[in-house]
Amino acid sequence: QVQLVESGGGLVRAGDSLRLACRVSGRASSIYKLAWFRQAPGKEREFVAGITWSRGIPDYADSVKGRSTISRDDAKNTGYLQMNSLKPEDTALYYCAAKKMLLGQYDYWGQGTQVTVSL
């Protein structure tokens, strides 16, 4: 089993930066990929960024590409999402998720951390 706990959300102004963290406990070695999703009020949950756990290969949604960096620290069993030049449309509940295999659904989810960007 794997448990995920997010932190780092908050209320910021447009143009500010935030770094979200996802602490992984349990069998971190079983993770193939760690990802961030977000869900804004009235909208579907969407993929933001992901990174393969062992090789550190990232991928990003177009909406955040160039403004965000996903990373992970094996020693700390923690994944990060650095978001810069935040926009009001980035306001959402951000979830960390992990999956054990390349294909298929994400197996584990955190509770989420709120990011609110004001003008």
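The present account deals with the structure reproduced in this document. Since the structure is predicted, the reported quantities are computational estimates derived from the model, not experimental observations.

Rules of the game
- Residues numbered from 1 in each chain as written.
- Predicted model: local features only at pLDDT ≥ 70, side-chain atom pairs only at ≥ 80, totals over all residues.
- Heavy atoms only, no water.
- Helix = DSSP H or I, 4+ residues; strand = E, 2+ residues; numbered from the N terminus.
- Buried < 20%, exposed > 50% of the residue type's maximum accessible area, 1.4 Å probe, protein only.
- Core = buried A, V, L, I, M, F, W, Y, C linked by side-chain atoms within 4.5 Å.
- Contact = heavy atoms within 4.5 Å.
- Phe/Tyr/Trp six-rings, centres within 6.5 Å; stacked < 30°, edge-to-face > 60°.
- Lys NZ or Arg CZ within 6 Å of the ring centre and 35° of its normal.

What to know about unusual backbone geometry
Backbone geometry places Asn77, a non-glycine residue, at a positive phi of 50°. Position of Asn77 relative to the elements: it lies in the loop between β7 (68–73) and β8 (78–83). The exposure class assigned to Asn77 is partly exposed, which follows from its relative accessible area of 23%. Notably, Ser85 is not glycine yet its phi reads approximately 50°, a positive angle. Inspection of the secondary structure puts Ser85 in the loop between β8 and β9 (92–99).

Quick notes on the nonpolar core
One finds Leu4, Val24, Leu34, Trp36, Leu81 and Tyr94 to be the most contacted residues of the largest nonpolar core, which totals 28 residues. Not counting the four nearest positions on each side in its chain, Tyr94 is found in contact with Glu6, Leu20, Trp36, Phe37, Arg38, Val48, Leu81, Met83, Gly112, Thr113 and Val115.

Section: the packing of aromatic side chains
Scanning the entire structure with this criterion turns up 5 aromatic pairs. Each ring, one from Phe37 and one from Trp109, has its centre 4.9 Å from the other, and the planes form 55°; the classification is tilted. Remark: Trp109 occurs in strand β10 (residues 108–109) and Phe37 occurs in strand β4 (residues 33–39); sequence separation between them is 72 residues. Here a set of aromatic residues connected by ring pairs shows up, and it is made of Phe37, Phe47, Tyr95, Tyr106 and Trp109. When the ring centre of Trp109 is taken as reference, the NZ or CZ atom of Arg45 above it lies at 3.9 Å.

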